[in-house]
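These are the residues of each chain, in order.
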Amino acid sequence: MTVQTPVKVDETTMANAIRALTMDAVQAANSGHPGAPMGLADVATVLFNRFVKVDPADHKWPDRDRFVMSAGHGSMLVYAINHLLGYADMDADQLRNFRQMGSRTAGHPEYGHAMGIETTTGPLGQGISTAVGMALAERMHNARFGDELVDHFTYVLAGDGCLMEGISHEAIDLAGHLGLGRLVVFWDDNRITIDGPTDLSTSMDQRARFEAAGWHVQAVDGHNPEAIARVIENARKDLRPSLIACRTTIGKGAPNMQGSHKVHGSPLGADEIAATRDALNWPHDPFVVPTEVKAAWEAIATRGANARANWTTRKEASPKAADFDRSLSAPDAQGLNAAITAYKRRLSKDQPKVATRKASEMALEVVNATLPNSVGGSADLTGSNNTRTSAMKPVSRNDYSGDYIHYGIREHGMAAAMNGIALHGGFFTYGGTFLAFADYCRPSIRLSALMGVPVAYVMTHDSIGLGEDGPTHQPVETIASLRAMPNLTVFRPADAVETAEAWELCATSEATPTLLCLSRQNLPTLRTTHTDANLTARGAYVLRETAGARDVTLIATGSEVEIALEAADMLAAEGIRAAVVSAPSFELFAAQPAAYRVLVRGTAPRVGVEAAIRQGWELFLERNDGFVGMSSFGASAPADELYRHFNITAEAIAASAKNQINKG
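Residues numbered from 1 in each chain as written. Predicted model: local features only at pLDDT ≥ 70, side-chain atom pairs only at ≥ 80, totals over all residues. Heavy atoms only, no water.

The name given to the protein in an unreviewed UniProt entry is Transketolase, and the organism recorded there is Donghicola mangrovi. The record held by UniProt for the protein lists under Function (unreviewed entry) the comment "Catalyzes the transfer of a two-carbon ketol group from a ketose donor to an aldose acceptor, via a covalent intermediate with the cofactor thiamine pyrophosphate." Of the protein, the UniProt comment under Subunit (unreviewed entry) reads exactly: "Homodimer." (UniProt positions renumbered as here; feature names shortened; annotations may be inferred.)

In structure tokens:
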């Protein structure tokens, strides 16, 4: 029997497999973006064939390299590669059903929908910015566990749109400042956007911009495999984050459409696909990859499997193995509950009068002392957000062993980096800014919620109660807009006890990001009788019940609970029985059994109280129920004057309550 010598497959042929699968999938869907995957196929092939360390058989292997397709519209590049590598959930049928209901091959890469997708990258700029957090987490994890357990790279493919988006400036500035040398960004420099040539809208010298931010910058012909390999090798050796400007032709391989914006976001069409097959010497049916080409790609997976096996051997011999596994596991919920419960007992006894932003810092002392892998930060508002506890030390390019990150005035970049840290694994992370600036980082918060990444956002100065800084900083509509976001748990605690309970829930959340709205002004402790139970976990609860049937129910959040209690006292002096409900989390209350919700709301008339707009309060109020709050922007004045000016007072609440009773 004659033994045949295996055919050696060159990288251009391996890249052509990506091009063919891309054009076939987009054509089958009659929708999608073939231009970027076809243009970047050579870069991606060299990267994976010679450098990337992944094992499709264990897609969550902690020491794998991270690959982020920041230009998420080019998702077929990811799906084609994962199919070729042999990921179990990415067979040809998934490619045939690209962008179809129920498939794993969504229009943009969706974290959790398929193996090998490290983050959701729909909005441009999010991928590169999230990757900065991944690269930072890699260095921080490495500082704790060493090269034997943590030694990998984060690779990003980004387009012109990613670099035009403002968040990219925040991200690359932070990465350069922190010296994240394990981050390599490939810029798809094809000079094409949807509208046409990039010179329609930008004259930016991107290479100079990255150099100014402290990056290592190179340029390469994005269709020359050997040149691509050389620049990647250089990037991996440099101590700085690296940008590789890859001069590519969008839609490379399509003879009549390549280089044109027309190939960016539309199927090639049957005639152009036939011409492309001829041009690429790819005489195969749609979605068919020759055995020898598939084998060449699967050899990459074999190399990754061997690397994982060697890593596993090292980990089993490491004295740090148990701590390493613990860092990647869920927090010690039982231990944290015990610590928070004991702390609550002290609070109810001592009854401090502090702003909930200060109460947050106090609770974080307990959380950070209990959880060994919590990492905090702030967007240049550490002293205002109270996010740094006493034992924390800053992270720097010279010392990644710290646990506090100075994100600078980069709210959006901070939120995306937090997503990246959480997605990388190894840490529970939180970061702070003013609540009014939530809109500066809203797209990243939205992706936290969409991906189910349990980061915690600390948002202080939550109402007109911040006072003199005025309406630009008074977030009257922001809380309602955040409550409208699916899979985001918003807390507005009324005192130090509720704040501690909220932090316990934040730190143990499994698949939902959390956001705390915290006051600038001091608030008294209202929960003066200790309860082991975490009442905040119920979303809302009766803080003060009436003796006998209720005449009215006052429902308030945050700093207004104190005012509602005062109003209840005023009503009691007139013989009116008013129950007071504290409602720190609308989302958690909505998740309670219907019978409990009815019990809390009661059947008597209701008045809602919040120094914000009424929108979203239908969870608690009927259309004819009363509401004391805001219907306009705020103003600049001392907090107590603002509450009187906008008529958020005990007198106003009592008057509204009597009006509701009289209507009844």
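What follows continues from the structure just given.
Caption draft 1: Representation of the overall build of the protein. The secondary structure content of the protein amounts to 24 helices and 20 strands. The C-alpha radius of gyration of the protein comes to 28 Å, within 12% of the 26 Å expected for a compact globule of 664 residues. Dimensions of the protein, computed from the C-alpha atoms along their principal axes, are close to 100 × 55 × 50 Å. Per-residue burial for the protein yields a buried fraction of 61% across its 664 residues. Intrachain contacts of the protein at a sequence separation of at least 6 include 77% that bridge at least 24 residues. A total of about 25,100 Å² of accessible surface is found on the protein, and carbon and sulfur atoms cover 49% of it. In the protein, 60 positive and 74 negative side-chain charges are present, and the distance between their average locations comes to 2 Å. (Helix = DSSP H or I, 4+ residues; strand = E, 2+ residues; numbered from the N terminus. Rg over C-alpha atoms; globule rule 2.2 N^0.38 Å. Buried < 20%, exposed > 50% of the residue type's maximum accessible area, 1.4 Å probe, protein only. Contact = heavy atoms within 4.5 Å. Areas by Shrake-Rupley, 256 points an atom, 1.4 Å probe, with all protein chains shown as cover. Lys, Arg positive; Asp, Glu negative; His and termini not counted. Charge placed at Lys NZ, Arg CZ, Asp CG, Glu CD.)

Caption draft 2: Spatial organisation of the packing of helix α14 (residues 356-370) against helix α19 (residues 496-508). Between α14 and α19, the shortest axis-to-axis distance is 9 Å and the interhelical angle comes to 50 degrees. Taken together, the axes of α14 and α19 are oblique relative to one another. The chirality of how α14 crosses α19 is right-handed. Facing α14, whose interface residues are Thr356, Ala359, Ser360, Ala363, Leu364 and Val367, α19 presents Ala496, Thr499, Ala500, Trp503 and Ala507. (Axes fitted to C-alpha atoms, helices over the stretch in contact; angles between N-to-C directions. Parallel < 35°, antiparallel > 145°, perpendicular 65-115°, else oblique. Left-handed = near helix turned anticlockwise from the far one by under 90°.)

Caption draft 3: Fine view of the environment of Gly377. Tracing the sequence through the fold places Gly377 in strand β9 (residues 374-378). For Gly377 and Leu488, which are 111 residues apart along the polypeptide, the C-alpha to C-alpha distance reads 20 Å. Setting aside residues no more than four positions away along its own chain, Gly377 makes contact with Thr387, Tyr404, Ile405, Tyr407, Tyr430, Gly431 and Gly432.

Caption draft 4: Quick look at the packing of aromatic side chains. A complete count under the given rule lists 18 aromatic pairs for this structure. When the centroid spacing of 5.8 Å and the interplanar angle of 15 degrees are considered together, the rings of Phe153 and Tyr155 count as stacked. Residue Tyr155 is classed as buried on the basis of its relative accessible area of 0%. Pairwise contacts between aromatic rings join Phe586, Phe589, Tyr596, Trp617, Phe620 and Phe627 into one cluster. Here the guanidinium or amino end of Arg182 rests over the ring plane of Phe153, the centre of that ring lying 4.7 Å away. Lying over the aromatic face of Phe153, Arg236 brings its terminal NZ or CZ to 4.5 Å of the ring centre. (Phe/Tyr/Trp six-rings, centres within 6.5 Å; stacked < 30°, edge-to-face > 60°. Lys NZ or Arg CZ within 6 Å of the ring centre and 35° of its normal.)

Caption draft 5: Main features of the UniProt feature "domain: Transketolase-like pyrimidine-binding" (unreviewed entry) in the protein. Those places that UniProt annotates as "domain: Transketolase-like pyrimidine-binding" (unreviewed entry) correspond, in this numbering, to residues 354-525. Between the end C-alpha atoms of residues 354-525 the distance is 8 Å, and the span holds 36% helix and 19% strand.

Caption draft 6: Local environment of the side chain of Thr198. As for its placement among the helices and strands, Thr198 is situated in the loop between β5 (196-197) and α8 (206-212). The class of Thr198 is buried, set by a relative accessible area of 11%. Ignoring anything within four residues of it in the chain, the contact list for Thr198 reads Asp160, Met164, Arg191, Ile192 and Thr193.

Caption draft 7: Geometry of the UniProt feature "binding site: substrate" (unreviewed entry) in the protein. Residues given the UniProt feature "binding site: substrate" (unreviewed entry) here are His33, His264, Arg357, Ser384, His461, Asp469, His473 and Arg520. The greatest C-alpha distance among the annotated residues, which extend across 488 residues, is 48.9 Å, indicating that they are dispersed rather than converging on a single site. With respect to the helices and strands, the residue His461 is situated in the loop between β12 (456-460) and α18 (478-483). Not counting residues up to four positions away in its chain, the partners in contact with His461 are Arg357, Ser384, Phe434, Leu435, Leu466, His473, Pro475, Leu518 and Arg520. Separated by 2.9 Å, the side chains of His461 and Thr460 make a polar contact. In this fold, His473 is placed in the loop between β12 and α18. (Polar contact = N/O pair within 3.5 Å; in protein donor to acceptor, adjacent residues only side chain to side chain.)

Caption draft 8: Structural view of the nonpolar core. Counting residues in each nonpolar core, the largest one holds 128 residues, and the members touching the most others are Phe186, Trp215, Trp297 and Leu515. The element best represented in this core is helix α1 (residues 11-29), accounting for 10 residues. Summarising the domain contributions, this core has at least three residues from each of domain 1 (11-314) and domain 2 (333-524). Residues in contact with Trp297, not counting those within four places in the same chain, are Met14, Ile18, Thr45, Phe48, Ile81, Leu84 and Leu85. One finds Val476, Leu554, Ala578 and Ala654 within the second-largest nonpolar core, a separate group that totals 32 residues. (Core = buried A, V, L, I, M, F, W, Y, C linked by side-chain atoms within 4.5 Å. Domains from an automatic or database assignment.)

Caption draft 9: Local environment of unusual backbone geometry. Even without glycine at this site, Phe287 takes up a positive phi of about 70 degrees. By secondary structure assignment, the location of Phe287 is in the loop between α10 (270-280) and α11 (291-317). Take Phe287: its relative accessible area is 11%, and that puts it in the buried class. A positive phi angle, near 55 degrees, is found at Gln351, a position not held by glycine. You can see Gln351 is positioned in the loop between α13 (333-350) and β8 (354-355).

Caption draft 10: Fine view of the domain arrangement of the protein. One can read the domain layout of the protein as domain 1 (11-314), domain 2 (333-524) and domain 3 (538-662). Regarding the contact of domain 1 and domain 2, the summed buried area is about 2,600 Å², with carbon and sulfur atoms giving 65% of it. Three residues, Met140, Glu170 and Leu174, lead the burial of domain 1 against domain 2; their summed loss comes to 20% of the area buried on that side. Here domain 1 is connected to domain 2 by 1 salt bridge. Residue Asp173 pairs with Arg410 through a salt bridge whose shortest N-O separation is 2.9 Å. The interface formed by domain 1 and domain 2 contains 14 residue pairs in polar contact (both at pLDDT 80 or more). At the level of secondary structure, the elements contributing two or more residues to the side of domain 1 that touches domain 2 comprise α5 (126-145) and α7 (166-178). A per-element tally of the side of domain 1 that touches domain 2 places α5 first, with 13 residues. (Buried area = accessible area lost by both parts, 1.4 Å probe. Salt bridge = Lys/Arg side-chain N within 4 Å of Asp/Glu carboxyl O.)

Caption draft 11: The arrangement of the pairing of β12 in detail. Among the 5 residues that make up β12, 5 are buried, leaving the element largely enclosed by the rest of the structure. Note that strand β11 (residues 428-434) and β12 share 5 bridges and pair parallel. Residue pairing in the sheet places Phe434 in a bridge with Thr460 of β12. Taking the sense of rotation as the criterion, the β-α-β connection linking β11, helix α17 (residues 442-451) and β12 turns out right-handed. (Pairing = 2+ DSSP bridges. Right-handed = clockwise from strand over helix to strand, strands pointing away.)

Caption draft 12: The pattern of salt bridges, seen in detail. Taken as a whole and judged by the stated rule, the model has 35 salt bridges. In this structure, Asp151 engages Arg182 in a salt bridge whose closest nitrogen and oxygen atoms are separated by 2.7 Å. Remark: Arg182 occurs in the loop between α7 and β3 (183-189) and Asp151 occurs in the loop between α5 and β2 (154-158); sequence separation between them is 31 residues. Under the relative-accessibility criterion, Asp151 is labelled partly exposed at 29%. By relative accessible area, Arg182 is classed as buried at 18%. A salt bridge links Arg326 to Asp323; its shortest N-O distance comes to 2.5 Å. Of this pair, Arg326 and Asp323 both sit in helix α12 (residues 321-327), 3 residues apart, which is roughly one turn of that helix.

Caption draft 13: Main features of the environment of Ala245. One can find Ala245 in strand β7 (residues 242-247). The sequence separation of Ala245 and Gly222 amounts to 23 residues, and the corresponding C-alpha distance is 8.3 Å. When near neighbours in sequence (up to four residues on either side) are disregarded, Ala245 contacts Trp187, Arg207, Gln218, Ala219 and Val220.

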